[in-house]
Amino acid sequence: MIIHRIAKKQWISLVIFLLVLCSCGSSDNSVAELSEPVEKTVPSPTVEPTKTPVEKVESEENDVSAQEEQDSSSAPVEIEPTPIILPGGKNVIVGVQGVLGWSENGAWIGLGDDPVPAAAGDLYQVIRIGSDAVSGALGAAPQPNCTQNSTISRNVAIDDPLFTSFASLSMPYTEPVSTPIAISTDWDLTPHNITSLGLDSIAYKDIARELLSEFDIDDPDPELTVLVETDLDGDGNDEIFFGVERIADSLMFGTAGDYSLLYMRKVIDGRFTNLLIYGDVENAEYGNGMLNSIRLSAVADLNGNGRMEVVAGLMYYEGSSTSVIEFNDDKENFTQVLYVGCNN
């Protein structure tokens, strides 16, 4: 298993996003880039595929297929959602680093030679994990942004405390923070419920400890940074997102044994499976003394098709980035659809 890193001074051009298909108690996992399908699936121990309470995950050891023979009603009923593309507004998507892009009729459009379809006075919804979406945030006119890529990058200043508080930070960054995202649209950003779960979950600490052992990390009490449950596409099969992180000193000084990992856990082909969205580890095999902190920024429908995307924020001592990621139709892979980043 290889963790690709974002090299200093080449934050944007060298970002490589990985997806690792992990299973609790297994060390034979495959690695896939975000835009590529997973070559091999080694799922975690089979379990009953129901919406299991968080504190009972440790009991998920029964074979699903055998259970279905006894009681076919135990399996989750998958409902094929019918995407309805909403018109919204200009649908410009903005992170704290600048504009990621926008959508037209559900299709993603990244930054290029075309001007950003935004103007001073546009209104935005602002959302961050753990907070409800806030409507009516005032946006400024697009401006060049990021000294290393000012010919392409554009920023829209958002008049909202979640954005202005990040803008007040100065590099070098020493402590990680969770960042928001904004979009100039009026549709419901969270058409499916998102439930925050307790960060003291013993069950998910146990899962995290097993996953960390695959990176030769021994942490008897992993610290959860996020634990939320939702249904991205409304098919009746829930996804659980959880992150774990240890930073012994600060983002400026990586220490052996530091790590930051973000996973999604769900039932795939009748088995609970842990998928690594992003990860960074400092140990003898991985790392170069500069840890990237990975946080779940938001889960939201950003193109109006009724399916929610994952927004991840990465941060290291000289820069940060935001990515919008789609989960691909219950298969074991993600696709990064939009990205913005800037480093010193």
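Here, residues in each chain are numbered from 1, in the same order as that chain's written sequence. The model is predicted, so local features are restricted to residues of pLDDT at least 70 and side-chain atom pairs to those at 80 or more, both for listing and for counting; the totals for chains, interfaces and linings are taken over all residues. In computing side-chain values, all of the structure's heavy atoms are included and hydrogens and water are not.

### Comments concerning the overall build of the protein
In plain terms, the rule: Comment: elements are numbered from the N terminus, with helices defined as DSSP H or I runs of at least four residues and strands as E runs of at least two. Three exposure classes are used, based on accessible area relative to the maximum for each residue type with a 1.4 Å probe and protein chains only: buried under 20%, partly exposed in between, and exposed over 50%. The contact rule is simple, with two residues in contact once any of their heavy atoms fall within 4.5 Å.
Looking only at helices and strands, the protein features 3 helices and 20 strands. Going through the 344 residues of the protein one by one, you find that 53% of them count as buried. The long-range share in the protein, meaning contacts at least 24 apart out of those at least 6 apart in sequence, stands at 59%.

### Regarding the sheet that holds strand β4 (residues 98-104)
Definition in use: The pairing criterion is simple: DSSP has to find at least two bridges between the two strands.
Here we have 7 strands laid out as an open sheet, ordered β5-β4-β3-β11-β6-β7-β10, and antiparallel in their pairing. Across the chains shown, the open sheet's two edge strands, defined by having one partner strand only, are β5 (107-110) and β10 (158-159). Note that strand β7 (residues 134-139) and β10 share 2 bridges and pair antiparallel. Paired with Leu138 across the strands is Asp159, a residue of β10.

### Quick word on the packing of aromatic side chains
Counted only if it meets this: Only rings of Phe, Tyr and Trp enter the pairing, Trp through its six-membered ring, and a pair is recorded when the two centres are within 6.5 Å. The plane angle decides the type: under 30 degrees is stacked, over 60 is edge-to-face, the rest tilted.
Per the counting criterion, the structure on display carries 5 aromatic pairs. Where Tyr204 meets Phe242, the ring centres are 5.2 Å apart and the plane angle is 65°; that geometry is what we call edge-to-face. Of this pair, Tyr204 sits in helix α3 (residues 202-213) while Phe242 sits in strand β14 (residues 239-246); the two residues are 38 residues apart in sequence, bridging distant segments of the chain. The pair formed by Tyr204 and Phe242 is uniform in burial state, with each residue classed as buried. Consider the rings of Phe242 and Tyr263, whose centres lie 5.3 Å apart with planes at 10°: the pair is stacked.

### What about the environment of Gly198?
Tracing the backbone through its elements, the reader meets Gly198 in the loop between β12 (194-196) and α3. Residues Gly198 and Leu224, 26 residues apart in the sequence, show an inter-C-alpha distance of 9.1 Å.

### Brief notes about the pattern of salt bridges
Put simply, the test is: Counted as salt bridges are all cases of a side-chain nitrogen of Lys or Arg within 4 Å of a carboxyl oxygen of Asp or Glu.
Summed over the entire model, instances satisfying the criterion amount to 7 salt bridges. The partner of Asp122 in a salt bridge is Lys90, and the shortest N-O contact between them spans 3.3 Å. With Asp122 in the loop between β5 and β6 (123-127) and Lys90 in the loop between α1 (64-70) and β3 (92-95), this pair connects stretches of sequence that are 32 residues apart. Residue Lys90 is classed as partly exposed on the basis of its relative accessible area of 38%.

### With respect to the pairing of strand β19 (residues 319-327)
Summarising burial for β19: 8 of the 9 residues are buried, a large majority. Pairing between strand β18 (residues 309-316) and β19: 7 bridges, direction antiparallel. Across the sheet, the residue bridging to Gly313 is Thr322, located in β19. Where β18 folds back on β19, the antiparallel hairpin that results is connected by 2 residues.

Distances and angles like these do not, on their own, reveal function.
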